[in-house]
Amino acid sequence: FTSFWIIPVVYFTWQLIDWDTPVKGGRRVEWVRRWTVWKHFRDYFPIKLVPSASLSPDRNYVLGVHPHGILAASSFCNFATEATGFSDLYPGVRPWLAVLAGVFKLPIYRDYLMSAGITPVSKDSLKYLLSCCGTGNAVFIVVGGAAESLQSSPGEHVVTLSNRKGFVRLALENGADLVPVYSFGENDIYEQVRFSPGSWGCKLQLLFQKHVGFAPCLFKGTGVFGEGSWGLNPFPRPLTTVGK
């Protein structure tokens, strides 16, 4: 309803034409993955990626990542950016971080996600990467998802795998290697209010998770004035991601 109406009309028309691109490899832009701001993000915690074995560019991989934590900050930094030097540690291997498919319906944000090498965690999307994009593709799936985020608490290590074996079938069907990945410290960067099983708060979270795909968490972090202040910034705790 302004004189700039043509801009959203053109963009939304483009989005409709481009609707299936996220499930067909997206549009990776290395310049976006190498923004300087990601190095500051890495150094805030700090975040470190430790390879315990090499990945051959002649194979494809499905990597199950734990834990999810509140924001999966280490997964984003390690696999959706080059801040921790993924391409240097695993030359010839392209990382793809799989996230909720629903976020790719958001205007503009979807284009940013694709440029970072982020892909929908859907069967069609992951199968396309493993079967139609040659070799050297590493698909990272934070297996526990929303259910695991509800178990996030400092000092605790809770892994959710029950009824989440689809990623194993995906690897078998497409001849990809399975690789476990664990991020130590991911559960320490926020303090969460955890509701007891059967309570109204827990039921509300599970209901929201069932219909929306993620669970609302009540959590606190630190403020802009340091750890003594209250806020939503994550606590600066070391995050170390190890791939086996």
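Note: the structure precedes this text.
The structure presented is a predicted model; accordingly, all values stated were derived computationally and were not measured.

The rules behind these values
Residues numbered from 1 in each chain as written. Predicted model: local features only at pLDDT ≥ 70, side-chain atom pairs only at ≥ 80, totals over all residues. Heavy atoms only, no water. Helix = DSSP H or I, 4+ residues; strand = E, 2+ residues; numbered from the N terminus. Rg over C-alpha atoms; globule rule 2.2 N^0.38 Å. Buried < 20%, exposed > 50% of the residue type's maximum accessible area, 1.4 Å probe, protein only. Contact = heavy atoms within 4.5 Å. Areas by Shrake-Rupley, 256 points an atom, 1.4 Å probe, with all protein chains shown as cover. Lys, Arg positive; Asp, Glu negative; His and termini not counted. Charge placed at Lys NZ, Arg CZ, Asp CG, Glu CD. Pairing = 2+ DSSP bridges. Axes fitted to C-alpha atoms, helices over the stretch in contact; angles between N-to-C directions. Salt bridge = Lys/Arg side-chain N within 4 Å of Asp/Glu carboxyl O. Core = buried A, V, L, I, M, F, W, Y, C linked by side-chain atoms within 4.5 Å. Patch = residues over 30% accessible without salt bridge, like charges linked within 9 Å, V, L, I, M, F, W, Y side chains within 5 Å. Polar contact = N/O pair within 3.5 Å; in protein donor to acceptor, adjacent residues only side chain to side chain. Phe/Tyr/Trp six-rings, centres within 6.5 Å; stacked < 30°, edge-to-face > 60°.

Q: How should I be thinking about the overall build of the protein in this particular structure?
A: Helix and strand counts for the protein come out as 10 helices and 10 strands. A globule of 244 residues ought to have a C-alpha radius of gyration of about 18 Å, and the protein, at 19 Å, matches this closely. Overall, the C-alpha framework of the protein stretches about 55 × 45 × 40 Å when taken along its three principal axes. Expressed as a percentage of its 244 residues, the buried residues of the protein come to 45%. Partitioning the intrachain contacts of the protein with sequence separation of at least 6 by distance along the chain shows that 75% fall at a separation of at least 24. Accessible area for the protein stands at about 13000 Å²; split by element, carbon and sulfur atoms hold 65% of it. For the protein, the centre of its 23 positive side-chain charges and the centre of its 17 negative side-chain charges are spaced 4 Å apart.

Q: Looking at this model, I keep getting lost on the sheet that holds strand S8 (residues 218-223). Mind explaining?
A: One key point about sheets: their strands pair by backbone hydrogen bonds, in either a parallel or an antiparallel sense. Read across the sheet, 3 strands follow the order S7-S8-S9 without closing on themselves; strand pairing throughout is antiparallel. Edge positions in the sheet fall to strand S7 (191-193) and strand S9 (226-231), since each has one partner strand and no second. The average undirected angle you get between the axes of adjacent strands in this sheet is 35°. Of the strand pairs in this sheet, S8 and S9 are connected by 3 bridges, and their pairing is antiparallel. Pairing of Thr 222 across the sheet is with Trp 230, part of S9.

Q: Explain the pattern of salt bridges here, please?
A: Any two side chains of opposite charge can pair if their charged atoms end up close together. Within this structure, the stated rule accounts for 11 salt bridges. Across the pair Arg 110 and Asp 18 runs a salt bridge, and its minimum N-O distance is 3.2 Å. With Arg 110 in helix H6 (residues 109-115) and Asp 18 in the loop between helix H1 (6-17) and helix H2 (30-33), the pair connects residues that are 92 residues apart, well separated along the chain. Its relative accessible area of 0% is what places Arg 110 among the buried residues. With a closest N to O distance of 4.0 Å, Arg 28 and Glu 30 form a salt bridge. Looking at Arg 28, the relative accessible area reads 22%, which means it is partly exposed. In this structure, a network of salt bridges that share partners links the residues Arg 28, Glu 30, Arg 33, Arg 34 and Glu 82.

Q: What exactly am I supposed to notice about the nonpolar core here?
A: Among the nonpolar cores identified, the biggest contains 36 residues, and Leu 63, Phe 79, Phe 86, Leu 97, Ile 118 and Phe 140 are the most heavily contacted of them. Residues in contact with Leu 97, not counting those within four places in the same chain, are Ser 75, Phe 76, Phe 79, Ala 80, Gly 117, Ile 118, Thr 119, Phe 140 and Val 142.

Q: Any chance you could explain a nonpolar patch on the surface here in plain terms?
A: The grouping of Phe 4, Trp 5, Ile 6, Ile 7, Val 9 and Val 10 at the surface amounts to a nonpolar patch, some 620 Å² of accessible area in total. With respect to the element layout, Ile 7 can be found in helix H1.

Q: Looking at this structure, I do not really get unusual backbone geometry. What am I missing?
A: Leaving glycine aside, a negative phi is the common case for residues, and trans is the common case for peptide bonds. For the peptide bond that leads from Phe 45 to Pro 46, omega is 0°, which places it in the cis range. Along the chain, Pro 46 falls in the loop between helix H3 (36-44) and strand S1 (47-51). Residue His 66 is joined to Pro 67 through a cis peptide bond whose omega torsion reads -15°. Summarising the element assignment, Pro 67 is placed in the loop between strand S2 (61-66) and helix H4 (73-79). For Ala 72, which is not glycine, the phi dihedral falls at a positive 55°.

Q: Quick question: what am I supposed to make of the environment of Thr 84 here?
A: Within the element layout of this structure, Thr 84 appears in the loop between H4 and helix H5 (86-89). Using a relative accessible area of 15% as the deciding quantity, one classes Thr 84 as buried. A sequence separation of 61 residues divides Thr 84 from Val 23, and the C-alpha atoms of the two residues are 26 Å apart. Beyond its immediate sequence surroundings of up to four residues, Thr 84 is in contact with Arg 42, Ile 47, Leu 49, Cys 77, Asn 78 and Leu 89. A polar atom in the side chain of Thr 84 sits 2.9 Å from the side chain of Asn 78.

Q: Teacher, can you tell me more about the packing of aromatic side chains here?
A: Under the defined criterion, the tally for this structure stands at 15 aromatic pairs. Considering the side-chain rings of Tyr 182 and Phe 184, the 4.9 Å spacing of their centres and the 55° angle between planes classify their relative orientation as tilted. Judged by its relative accessible area of 17%, Tyr 182 is buried. Residue Phe 184 is classed as partly exposed on the basis of its relative accessible area, which comes to 42%. Pairing Tyr 190 with Phe 219 gives two aromatic rings, centres 4.7 Å apart and planes at 65°, and the pair type is edge-to-face. One end of the pair, Tyr 190, is in the loop between strand S6 (177-184) and S7; the other, Phe 219, is in strand S8, and 29 residues separate them in sequence. Tyr 190 gets classed as buried once you look at its relative accessible area, which sits at 3%.

Any link to function would need more than the numbers given here.
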